[in-house]
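If you want the building blocks of each chain, they are given just below.
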Protein chains: 2
Amino acid sequence: MSLKITHEKRSFGPAQREVEVGDITLLATDKPMRLDSGAEISHFPMAFRTYGTLNKDKSNAILICHGLTGDQYMLETHPVTGKPGWWEQMAGKGKPLDTDKYFLICPNVLGGCLGSFGPKEINPNTQQPYNLDFPVITIRDTVRAQKALMDAMGIEILYAVVGGSMGGMQALEWLASYPEKVQRLVALATASRHTAQNIAFHEIGRQAIMADPDWQQGNYLNKGTFPSKGLSVSRMTAHVTYLSDDALARKFGRELQDRDRFSYGFEADFQVESYLRYQGMSFVDRFDPNSYLYITRAMDYFDLEADYGSLAQAFGAFKGSALMVSFSSDWLFPTGEAKRVVQALAGCGADVRFMEIDSDKGHDAFLLDEPELFSAVKGFIAE
Amino acid sequence: MSLKITHEKRSFGPAQREVEVGDITLLATDKPMRLDSGAEISHFPMAFRTYGTLNKDKSNAILICHGLTGDQYMLETHPVTGKPGWWEQMAGKGKPLDTDKYFLICPNVLGGCLGSFGPKEINPNTQQPYNLDFPVITIRDTVRAQKALMDAMGIEILYAVVGGSMGGMQALEWLASYPEKVQRLVALATASRHTAQNIAFHEIGRQAIMADPDWQQGNYLNKGTFPSKGLSVSRMTAHVTYLSDDALARKFGRELQDRDRFSYGFEADFQVESYLRYQGMSFVDRFDPNSYLYITRAMDYFDLEADYGSLAQAFGAFKGSALMVSFSSDWLFPTGEAKRVVQALAGCGADVRFMEIDSDKGHDAFLLDEPELFSAVKGFIAE
């Protein structure tokens, strides 16, 4: 690789704790990249991590697209949270995405907060964070940036593009934007568009952040504040949508937390309350509130049918093979939405496989221990 | 009726606009009423409205139990919003709950904000609103207060108890608390317990309110503030749970609001965003934030199985007939939860009818134009 790569410090959470993130490279250094909004960006940073080794003819590269609050740290300790990578069960030595065979590239999305070009990056013109001057980006913009990264790496053809949820949206966008560059698609728990209910939950999350006076109209970094409470409520809302009713009943039911009887007050009497509060609070330490606004917006805007006229037109030029997986209890990206994509791909003559995995784990199932998923991906990728 | 009834002024919304509410009577005037929490209350106000005429032998009284944000104004213009009553389609002259035949009594729940004993009522000891000194109440406490109201009215036997959602919880509690006083039960879109997912969404709503600095630890009325933003986010969250994915898709889909293309910003581009923002904002003008905390808590605590040892023990003494209705797209109170109640009632030898109405309207279906529901209730009530 001829990329110039740096590792840089970025700050996280209310205390703005400094952490080194990387690898970071600058893209659009020759000419600006035009975004869907019409704005142009250049010399913008893209953070990514790679795992495995790129072979000589550069034919074993798999692009991994992360979800809304994911990042490039898929197979290693997260520099902010200290937790294991988010997809250690799916990828690694001997895993379905085998790092002995494939070269995995996992970039942080545009609008992200782990080093890629996002609202907390410093605007060179003002030497201040962009905040809300950051341009609204789309899933297609992120895919454009990913393509620029592939070009910079000299990778002509992707052995596969893989992603779940918002990562699946990116993977589907690759088929539409660069159909001849992708040999295989693996899209999990995803859809070709964000539904009204999806948009509704995102709007609640955004309103919760913006309702917090410490958000400061987006300028919290300059003002030395941090909208912890708003971001926490936002995360709690999203988190409930990632789990199924059954999963919540199985994990928590109506069990009480550290008590035998009700407090008759507003403490976290129930385990599920305590769990949600914890999810909200821990998110605050690792994620940027403005990033959350921008990335949720990108998902809301995603609609391949509207962008390309029809799904048939979106997928018409794709000649590779595709694996689409949904989960029976995923009410955020239900099987019906997955089937629309599968039917369109099949209608275009693509070699498409579809499975709905019976699971009570809800949307998050694609990140969890699902043996059926692993064996399906392993078989498909090895073909 | 020998009740002493008053009409009094209460204040609503950020501007604390004064509105006359009623009818209000004082209960527990002879001796205190003991709440589930152990607290005792006396001389507490209960607001209600009645429709139709109580017959001579007082045998035609139907108690109507309202939902979380409902109130006593079921068949007349709401004094705060100016909108029609919330159940005009179900009840009135010639309607399933026919005011030519039945005497409908609709009380505002304990913890409410339309005149019944709730956190914004004035504490006679301090001459200040109770705020968080208000005792946590339960569904059973509200039913105790309703029973006290029936006693005060001299009504020995209820021809029926009718309610949907939280109103259905009250109706089911009547069967457990006062089985010999109820001849017929109509319980719609409800359950014998709040599930982990139900609790989770309520906890998000409470956290949204409490995250608003204008909530002032519950003392906003004394401080001259009002947590409008928090209450609005809270309402938005709840509102999404009342609608089905399909209903949102049918009503709004991905349609844009007053524009042809995306704003590439955080305006309400989509109709569903605009609709939700409106729902949030209009709720602020009519509902008390602390009331919202208390009433959601009462629902969370509701669990007949835990309270009575088993559903069989809860319903064992009921000898009347019951109609239980669920709606196919209601994911908040799904059919499975309704069936648990039906099976328990049937197991106790009660005369129980159950129907799942095929509807895409979600939880709110019980409040909407559902001809199948109306004919089922009409037939059952007339039997």
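Since the model is a prediction, treat every value here as computed from it, not as a measurement.

About the criteria used
Residues numbered from 1 in each chain as written. Chains lettered and ligands numbered in written order. Predicted model: local features only at pLDDT ≥ 70, side-chain atom pairs only at ≥ 80, totals over all residues. Heavy atoms only, no water. Helix = DSSP H or I, 4+ residues; strand = E, 2+ residues; numbered from the N terminus. Rg over C-alpha atoms; globule rule 2.2 N^0.38 Å. Contact = heavy atoms within 4.5 Å. Areas by Shrake-Rupley, 256 points an atom, 1.4 Å probe, with all protein chains shown as cover. Lys, Arg positive; Asp, Glu negative; His and termini not counted. Charge placed at Lys NZ, Arg CZ, Asp CG, Glu CD. Salt bridge = Lys/Arg side-chain N within 4 Å of Asp/Glu carboxyl O. Buried < 20%, exposed > 50% of the residue type's maximum accessible area, 1.4 Å probe, protein only. Core = buried A, V, L, I, M, F, W, Y, C linked by side-chain atoms within 4.5 Å. Least-squares fit on C-alpha atoms with pLDDT ≥ 70 in both. Polar contact = N/O pair within 3.5 Å; in protein donor to acceptor, adjacent residues only side chain to side chain. Domains from an automatic or database assignment. Buried area = accessible area lost by both parts, 1.4 Å probe. Nonpolar A, V, L, I, M, F, W, Y, C, P; charged D, E, K, R; others polar. 1 Å grid on protein atoms, 1.4 Å probe; cavity = no way out; pocket = protein on both sides within 12 Å on 5 of 7 lines; lining within 4 Å. Points joined across faces, edges and corners; volume = space filled by probe spheres on them. Phe/Tyr/Trp six-rings, centres within 6.5 Å; stacked < 30°, edge-to-face > 60°. Lys NZ or Arg CZ within 6 Å of the ring centre and 35° of its normal. Disulfide = S-S within 2.5 Å. Pairing = 2+ DSSP bridges. Axes fitted to C-alpha atoms, helices over the stretch in contact; angles between N-to-C directions. Parallel < 35°, antiparallel > 145°, perpendicular 65-115°, else oblique. Left-handed = near helix turned anticlockwise from the far one by under 90°.

A.B. asks: I'm lost on the overall build of chain A in this one. Help?
C.D. replies: Summing up its helical and strand segments, chain A has 12 helices and 15 strands in all. Against the globule reference of 21 Å for 383 residues, chain A gives a C-alpha radius of gyration of 20 Å, in line with a compact fold. Projected onto its principal axes, the C-alpha coordinates of chain A cover approximately 65 × 50 × 40 Å. Put simply, 69% of the contacts in chain A that link residues at least 6 apart link residues at least 24 apart. For chain A, the accessible area works out to roughly 13700 Å², and carbon and sulfur atoms hold 47% of it. One finds the centroid of the 38 positive side-chain charges in chain A at a distance of 3 Å from the centroid of its 48 negative side-chain charges.

A.B. asks: Please explain the pattern of salt bridges as it appears in this structure.
C.D. replies: Any two side chains of opposite charge can pair, on the condition that their charged atoms come close. Residue and element names in this part refer to chain A. In this structure the tally under the stated criterion is 51 salt bridges over all chains. Note that R140 is salt-bridged to D36, the shortest N-O span being 3.2 Å. Taken as a pair, R140 in helix α1 (residues 139-153) and D36 in the loop between β3 (33-34) and β4 (40-41) lie far apart in primary sequence, 104 residues in all. Accessibility assignment for this pair places R140 and D36 in one class, buried.

A.B. asks: Sorry if this is basic, but what is going on with the nonpolar core here?
C.D. replies: Soluble globular proteins tend to pack their nonpolar side chains together in the buried interior. By size, the foremost hydrophobic cluster in this structure holds 218 residues, and its most contacted members are F44, I105 and F315 of chain A together with F44, I105 and F315 of chain B. Other than its neighbours up to four places away in sequence, F44 of chain A contacts T25, L26, L27, A28, M33, L110, F117 and A145 of chain A. Formed by 31 residues, the second largest nonpolar core is a distinct cluster that contains A91, Y159, V186 and A365 of chain A.

A.B. asks: What is the right way to read the relation of the copies chain B and chain A from this model?
C.D. replies: One copy of the chain maps onto the other through a rotation about an axis plus a displacement along that axis. For the match of chain B to chain A, the screw axis carries a shift of 0.0 Å, the RMSD comes to 0.0 Å, and the turn is 180 degrees. The two molecules are tied by a two-fold rotation axis, judged by turn and shift. Both copies present the same face, since 100% of the interface residues in chain B are matched by interface residues at the equivalent positions in chain A.

A.B. asks: What is the right way to look at the side chain of D71 of chain A in this model?
C.D. replies: All names here are of chain A. Along the polypeptide, D71 turns up in the loop between β6 (61-65) and β7 (91-92). No salt bridge is formed by the buried D71; the nearest opposite charge belongs to R286, separated by 4.6 Å. Looking at D71, its side chain comes within polar contact range of the main-chain nitrogen of Y73, at 3.0 Å. Separated by 2.7 Å, the side chains of D71 and H78 make a polar contact.

A.B. asks: Please explain the domain arrangement of chain A as it appears in this structure.
C.D. replies: By a widespread convention, an interface's size corresponds to the accessible area lost as its parts come together. Residues and elements named next belong to chain A. According to the domain assignment, chain A contains domain 1 (6-193 + 302-382) and domain 2 (198-295). Centre-to-centre, using C-alpha coordinates, domain 1 lies 25 Å away from domain 2. The contact between domain 1 and domain 2 buries some 2900 Å² in all, and 60% of this surface belongs to carbon and sulfur atoms. Counting the contacts that link domain 1 with domain 2 gives 1 salt bridge. One salt bridge connects R250 with D360, and the closest N-O pair in it is separated by 2.6 Å. Remark: the boundary between domain 1 and domain 2 carries 15 residue pairs in polar contact (both at pLDDT 80 or more). Its residues assigned to classes, the side of domain 1 that touches domain 2 comprises 18 nonpolar, 11 polar and 7 charged.

A.B. asks: Can you walk me through empty space enclosed by the protein in this structure?
C.D. replies: Gaps left between atoms are located by rolling a probe of water-molecule size over the structure's atoms. Applying the stated criterion to the full structure yields 7 cavities of 30 Å³ or more. Size it by volume and the largest cavity reaches roughly 100 Å³. Residue lining of the largest cavity: 14 residues in total, with A208 and A211 of chain A together with A208, A211 and G230 of chain B positioned closest to the centre. Secondary-structure elements contributing two or more residues to the lining of the largest cavity are α3 (196-211) and α5 (228-242) of chain A together with α3 (196-211) and α5 (228-242) of chain B. Class assignment for the residues of the lining of the largest cavity results in 8 nonpolar, 2 polar and 4 charged.

A.B. asks: Got a minute to help me understand the packing of aromatic side chains in this structure?
C.D. replies: Given two aromatic rings, their pairing is described by the distance between the two centres and the angle made by the two planes. Counted by the stated rule, this structure contains 44 aromatic pairs over all chains. Seen from their ring centres, Y220 of chain A and F226 of chain A are 5.6 Å apart, and the 80 degrees between their planes marks the pair as edge-to-face. For F226 of chain A, a relative accessible area of 7% corresponds to the buried category. On the numbers, 5.1 Å between centres and 20 degrees between planes, the contact of W86 of chain B with W87 of chain B is stacked. Following the ring pairs from residue to residue traces out a cluster consisting of F44, F117, Y130, F134 and Y294 of chain A together with F266 of chain B. The ring of Y159 of chain A has R184 of chain A sitting right over it, with the charged end atom 3.8 Å from the ring centre. The positively charged end of R235 of chain B is found above the aromatic ring belonging to F283 of chain B, 4.5 Å away from the centroid.

A.B. asks: Sorry if this is basic, but what is going on with the interface of chain B and chain A here?
C.D. replies: Listed per partner, the contact involves 53 residues of chain B and 53 residues of chain A. In total, chain B and chain A occlude about 4600 Å² of area from one another, counting both sides; carbon and sulfur atoms represent 68% of this. A per-residue breakdown of the area chain B buries against chain A is headed by R254, Y264 and F266 of chain B, which together make up 18% of the total. Remark: the boundary between chain B and chain A carries 10 salt bridges.

A.B. asks: Would you explain the state of the cysteines in this entry?
C.D. replies: Here is the idea: a disulfide is a covalent bond, and it sits between the sulfur atoms of two cysteines. All names here are of chain A. In the structure shown here, the tally under the stated rule is 0 disulfides over all chains. Just so you know, C106 is unpaired, no disulfide at all, and the nearest cysteine sulfur is the one on C65, 7.9 Å from it. C106 sits in the buried class, given a relative accessible area of 0%. Left unpaired, C348 is separated from the closest cysteine sulfur, that of C65, by 20 Å. On the accessibility criterion, C348 (18% relative accessible area) is buried.

A.B. asks: Explain the pairing of strand β14 (residues 321-327) of chain B to me, please; I cannot follow it from the model alone.
C.D. replies: For a regular strand, side-chain orientation follows a simple rule: the groups alternate between the two sheet faces. Residue and element names in this part refer to chain B. In terms of residue burial, β14 counts as a mostly covered element, since 7 of its 7 residues are buried. On β14, burial covers both faces: S321, L323, V325 and F327 on one face and A322, M324 and S326 on the other are all buried. Here 5 bridges tie strand β13 (residues 184-188) to β14, and the two strands are oriented parallel to one another. Bridge pairing in β14 places A187 opposite M324. Judged from the 7 bridges that link them, β14 and strand β15 (residues 351-357) form a sheet pairing that is parallel.

A.B. asks: Would you take a moment to explain the packing of α3 of chain B against helix α8 (residues 289-301) of chain B for this structure?
C.D. replies: Residue and element names in this part refer to chain B. Contact geometry of α3 with α8 gives a least axis separation of 10 Å together with a crossing angle of 160 degrees. The angle between α3 and α8 places the two elements in the roughly antiparallel class. Crossing angle aside, the handedness with which α3 passes α8 is left-handed. Here N198, I199, H202, R206, I209 and M210 of α3 come into contact with α8, specifically with P289, Y292, L293, T296, R297, M299 and D300.

A.B. asks: What should I look at first to understand the sheet that holds β14 of chain B in this one?
C.D. replies: Either a parallel or an antiparallel arrangement is found when strands of a sheet pair, and the pairing is made through backbone hydrogen bonds. Residue and element names in this part refer to chain B. Within the open sheet, the 9 strands sit side by side as β1-β2-β5-β9-β6-β12-β13-β14-β15. Their pairing is mixed. Either end of the sheet is taken by a strand with one partner, and the two such strands are β1 (6-12) and β15. Pairs of neighbouring strands in the sheet enclose a mean axial angle of 30 degrees, with direction left out of account. In the packing of helix α1 (residues 139-153) onto the sheet, the strands contacted are β2 (17-27), β5 (44-51), β6 (61-65) and β9 (103-107), and the crossing angle to β5 comes to about 65 degrees.

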